[in-house]
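# Report on the structure
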Amino acid sequence: MSYGLLKGKKGIIFGALDENSIAWKVAEKAHAEGASLILTNAPVALRMGKIKELAEKTGAPLVPADATSIDDLNKLFDTAEAEFGKIDFVLHSIGMSPNVRKGRPYTDLNYDWLHKTYDISAISFHKVMQVLYNRDLMNEWGSILALTYIAAQRAFPEYNDMAEAKALLESFARSFGYHFGKKAKVRVNTISQSPTPTTAGTGVSGFDKMLTYGEMMSPLGNATAEDCADYCVAMFSDLTRRVTMQNLYNDGGFSSVGIAPELLEAL
Ligand SMILES: NC(=O)c1ccc[n+]([C@@H]2O[C@H](COP(=O)([O-])OP(=O)(O)OC[C@H]3O[C@@H](n4cnc5c(N)ncnc54)[C@H](O)[C@@H]3O)[C@@H](O)[C@H]2O)c1
């Protein structure tokens, strides 16, 4: 069902790789709600992923950008400015840890890779916002979102150094949200999503069990990628104009449950 919530709005979506990606679902729903989009991902993802299909489906220009590169971001926003003028919403849906990918334990981190984890998964969010802010490219009452995970608040040992990356990401949302709110009435939030079967998600060791555990612990069950897309659309719409600097849980209630009887029974 579509409500025209984003009619006339213009947005940039980072991080759609394939049809399982959360960003993919957000692009589909935002398009269905009437938004005009620009899609972007790292050059390698444009070569390997299926994002061209999504670009065709949503009528969106596709612009390669490594989100850690200020040059790439400036080029991306040049295209956005030429296409749209100012922008109403941005989704940062980017995560990658070389330590996770290469199976390095948290207690024996490679620190060069740790820097990469931070740069790709968190500092890129600051870079995106800093370029938008300094170029004054966001419309008033615009909305900027990034996706995060509850390992920023609680220990999930298998999440490895992504836990610190998410803590940093959430902090950037709060801190930049202040400046963006004062300057341009732009809101900045993070959505903390249930485990979701995507390329990034399934890269975390023990992912299937985390999914089952989340399902048992959440009274409403795990939030799906589609649920996350619905929430993002709501956060991009004019119905949430004074929600800012928040970490918003989209997790079926997981974050507020101590123990679930089903889990005790299973033990
Ligand atoms: N899947 C989950 O369980 C889950 C749960 C909570 C939060 N998240 C977060 O959701 C976001 C999206 O991940 P997903 O689960 O849809 O997986 P995904 O693998 O589909 O998306 C991750 C994206 O990051 C992109 N990326 C990596 N390096 C980049 C770079 N240098 N520049 C630009 N883009 C780059 C990848 O190309 C990919 O499109 C991530 O921030 C992830 O941490 C995922």
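Our subject is the structure that appears above.
Now for a quick tour of the structure. Because the structure is predicted, anything quoted here is derived from the model rather than measured. (Residues numbered from 1 in each chain as written. Predicted model: local features only at pLDDT ≥ 70, side-chain atom pairs only at ≥ 80, totals over all residues.)

## Section: the pairing of strand β5 (residues 138-148)
Note on strand geometry: in a regular strand, side chains alternate between the two faces of the sheet. Counting buried positions over the 11 residues of β5 gives 8, a clear majority of the element. Crossover β5 to strand β6 (residues 187-193) through helix α7 (residues 162-184) is right-handed. (Buried ≥ 20, exposed ≤ 12 C-beta atoms within 10 Å, placed from the backbone. Helix = DSSP H or I, 4+ residues; strand = E, 2+ residues; numbered from the N terminus. Right-handed = clockwise from strand over helix to strand, strands pointing away.)

## Focus: the site of the ligand
For the ligand, the set of nearby residues contains 27 residues, the closest of which are S21, G95, T198, A200 and G201. At 3 residues, helix α8 (residues 199-202) tops the list of elements feeding residues into the shell around the ligand. In the shell around the ligand, the residues fall into 14 nonpolar, 12 polar and 1 charged. (Near = placed C-beta within 6 Å. Nonpolar A, V, L, I, M, F, W, Y, C, P; charged D, E, K, R; others polar.)

## Some points on the sheet that holds strand β4 (residues 87-92)
Reading across the sheet, the 7 strands line up as β3-β2-β1-β4-β5-β6-β7 and stay open at both edges, with parallel pairing between neighbours. In this open sheet, the two edge strands, each paired with only one partner strand, are β3 (62-64) and β7 (247-250). Between one strand axis and the next, the sheet turns through 20° on average, direction left out of account. Bridge analysis of strand β2 (residues 36-41) against β3 gives 3 bridges, and the strand direction is parallel. In the strand pairing of β3, T40 is matched with V63. Of the strands in this sheet, β5, β6 and β7 touch α7, which is tilted by about 155° from β6. (Pairing = 2+ DSSP bridges. Axes fitted to C-alpha atoms, helices over the stretch in contact; angles between N-to-C directions. Contact = placed C-beta atoms within 7 Å.)

Note that all results are geometric; they support no functional claim without further evidence.
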